[in-house]
Amino acid sequence: MFFMTASTTETAGERVQGVPLAEFRDVSLRYDGSSESTLALEHLDLDVHPGELLAVVGMSGCGKSSLLKLISGLVLPTSGSVKIHGKSVTRPLGIVGMAFQKASLLPWRTTLQNLLLPTEVGSARRNGTRNGEAVARARDLLATVGLTEAENKLPKELSGGMQQRVSLCRAVIHQPELLLLDEPFGALDAFTREELWGVLQRLREETGCTVVLITHDLTEAVFLADRVAVMSPRPGRIVYEAAVPFARPRHLDQRYQTDFTAITADLRHHISQPQEVLS
Amino acid sequence: MSRSRRRERLAPLITILAFFALWEFGTRLLDVPVFILPKPTDIVASMQRWWSPLQMHALHTLMTTVAGFAISIVLGSVLGLVVGYSKTAHQALYPLLIGFNSVPKVALVPILIIWFGLGTIPAIITACLISFFPILVNVATGLATVPQELEDVLRSLGARKSELFIKVGLPSSMPYFFASLKVSVTLAFVGSIISETVASNRGIGYLMIAASGRFDVPLVFAGLFVIAVMGILLYEGFAFLERKLTAWAYR
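Residues numbered from 1 in each chain as written. Chains lettered and ligands numbered in written order. Predicted model: local features only at pLDDT ≥ 70, side-chain atom pairs only at ≥ 80, totals over all residues. Heavy atoms only, no water.

Peer 1: Mind showing me how you'd approach the overall build of chain B here?
Peer 2: When helices and strands are tallied, chain B shows 10 helices and 0 strands. Traced from its N-terminal end to its C-terminal end, chain B shows the element sequence α-α-α-α-α-α-α-α-α-α. For 251 residues, the compact-globule estimate of 2.2 N^0.38 gives 18 Å, and chain B exceeds it by more than 25% at 23 Å. Along the three orthogonal principal directions, the C-alpha set of chain B runs to about 75 × 60 × 30 Å. Counting every position in chain B, which comprises 251 residues, the buried fraction comes to 43%. In chain B, 75% of the contacts between residues at least 6 apart in sequence involve partners at least 24 apart. For chain B, the accessible surface area stands at approximately 13,700 Å², while carbon and sulfur atoms represent 71% of it. Distance between charge centroids for chain B: 5 Å, based on 20 positive and 12 negative side chains. (Helix = DSSP H or I, 4+ residues; strand = E, 2+ residues; numbered from the N terminus. Rg over C-alpha atoms; globule rule 2.2 N^0.38 Å. Buried < 20%, exposed > 50% of the residue type's maximum accessible area, 1.4 Å probe, protein only. Contact = heavy atoms within 4.5 Å. Areas by Shrake-Rupley, 256 points an atom, 1.4 Å probe, with all protein chains shown as cover. Lys, Arg positive; Asp, Glu negative; His and termini not counted. Charge placed at Lys NZ, Arg CZ, Asp CG, Glu CD.)

Spelled out as structure tokens, the structure:
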């Protein structure tokens, strides 16, 4: 399985021209609240190509998280279509891994046991992932993110940054095709965040999975992504896309170079004045 | 052991000793009659004199309490799980349960006596009725604390509701469950003694009523002592279990 995902990356270049891994076509999403319904997304079009890291940026409350719920199959669109590998998503497909701003680890489980949680439920359990295999993979991941020492520690013994590393590893332990990250570094201090950017880059090289990263930090978006999509305020839609051409892995100093800041400035412009872009 | 740790350990002992010393000398100094407030030494003497009946009645009360509490653990956790698991069950059952809980249990004892006669059974039932509600509320609350993100993570992998319940909900409700046990067990104790004082011919509650009928005030206090000691032991026992079994929840 490990090798299968790795080979996906190698063929990523060819697949970009082919079928996107995930595609949104004219998607609208309406939440029915108790008193009123809110339109979270409207006429949203977006492709996620195999092997890429796509960052989605936008103001808070613009429906970025709804995007992830749609890809994962937790929520179905009100209209339009969400397709994975060309097939409409009608239920959770079990091909995604997720991490959020809160690490939300289980406090009674050690780091290793927390990592293994996704292999104990749902399709992974029913497909009979062998335990020894999963444990070996978990240890590999812990080594990748520099947490080998913390294998048998409880979450309360870990710092916020370490917990978030565990959460990232948990999101990829079952070898998902698609890694969905919802502001995973939002609650960390600036230096820990920089560290974790490095961790995410390493994890991505290691697993080769496709990543959708939701963030409101433009530097983070440009630093990590191959492509950045800008969402309008609610109801959300994609109003702008920018490619980030820099080679990987990237280095923190690149953030201050002019070609880098040119991209962030351009993106910032499209977030502050969505109306101009729409017209 | 550091000095501050030792002071922490000794502090409760010193308070208790000071309490009894004050009591002893206060009653001696003011010459309080024994049938109003006996001195601690009178009470100890009475405990020695009546040791074997005290022991017998205390043991009976303990068994009544444990029996009632055992039922209440089952009843409380089952109802708590149902109410915490299903929103519909929560809405359907909660008003009834709250109404039931707000009825003072002493008021139920006469009815229980009509149904079951004098003795042990009303005491067991009272102990159970008075102590199951905190368990229920805590288990239900514990189940409701599962973070939404984690639910999303697992549901996106195709986890069933039952898997979420077993892997996440149930264990996360454990600290709440054990915290409620130590509170509830003292309540169960209150329940069985209430019932014994109203209508029974055995148990520490009965012993105290009988003693007060004879104006044997030192023996009434001896009963109170025994109750207090048993209460502390039960509380500490469950607090110990809590610390052992859900250590992960404490910093």
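The rest of the description comes next.
Peer 1: When you look at the pattern of salt bridges in this model, what are you seeing that I'm missing?
Peer 2: Two side chains that carry opposite charge are able to pair once their charged atoms sit near each other. With the rule as written, the count across this model stands at 21 salt bridges over all chains. The residue B:Arg214 makes a salt bridge to B:Asp216 at a minimum N-O spacing of 3.8 Å. Each member of the salt-bridge network shares a partner with another, and the members are A:Arg204, A:Glu205, A:Asp226, A:Arg248 and A:Arg250. (Salt bridge = Lys/Arg side-chain N within 4 Å of Asp/Glu carboxyl O.)

Peer 1: Would you mind showing me how to read the sheet that holds strand β6 (residues 96-100) of chain A here?
Peer 2: In a beta sheet, neighbouring strands pair by backbone hydrogen bonds and run either parallel or antiparallel. Residue and element names in this part refer to chain A. If you walk across this open sheet you meet the 6 strands as β6-β7-β8-β3-β9-β10, and the pairing is mixed. In this open sheet, the two strands that pair with only one neighbour each are β6 and β10 (238-243). This sheet shows a mean twist of 15° between the axes of neighbouring strands, independent of strand direction. Note that β6 and strand β7 (residues 178-182) share 5 bridges and pair parallel. By the bridge assignment for β7, Phe100 is matched with Asp182. Against the sheet, helix α7 (residues 160-172) contacts β6 and β7, and its axis sits at roughly 165° relative to β6. (Pairing = 2+ DSSP bridges. Axes fitted to C-alpha atoms, helices over the stretch in contact; angles between N-to-C directions.)

Peer 1: Can you help me understand the interface of chain B and chain A in this one?
Peer 2: In this complex, chain B contributes 21 residues to the contact, which on the side of chain A involves 27 residues. The largest per-residue losses of area from chain B upon contact with chain A belong to B:Leu157, B:Lys167 and B:Trp248, which jointly make up 30% of the total buried on that side. Counting every contact that joins chain B to chain A gives 3 salt bridges. As a salt-bridge pair, B:Glu149 and A:Lys102 come within 3.8 Å of each other at their nearest N and O atoms. (Buried area = accessible area lost by both parts, 1.4 Å probe.)

Peer 1: How should I be thinking about the sheet that holds strand β4 (residues 79-84) of chain A in this particular structure?
Peer 2: Residue and element names in this part refer to chain A. In space, the 4 strands of this open sheet follow the order β2-β1-β4-β5, with antiparallel pairing throughout. On the outer flanks of this sheet lie β2 (37-48) and β5 (87-88), each paired with one strand and no other. Pairing analysis gives 5 bridges linking strand β1 (residues 22-32) to β4, with the strands arranged antiparallel. Counted as the bridge partner of Arg25 is Ser81 from β4. Here helix α3 (residues 64-72) sits on the sheet and contacts β1, β2 and β4; the angle it forms with β1, its principal contact strand, is near 115°.

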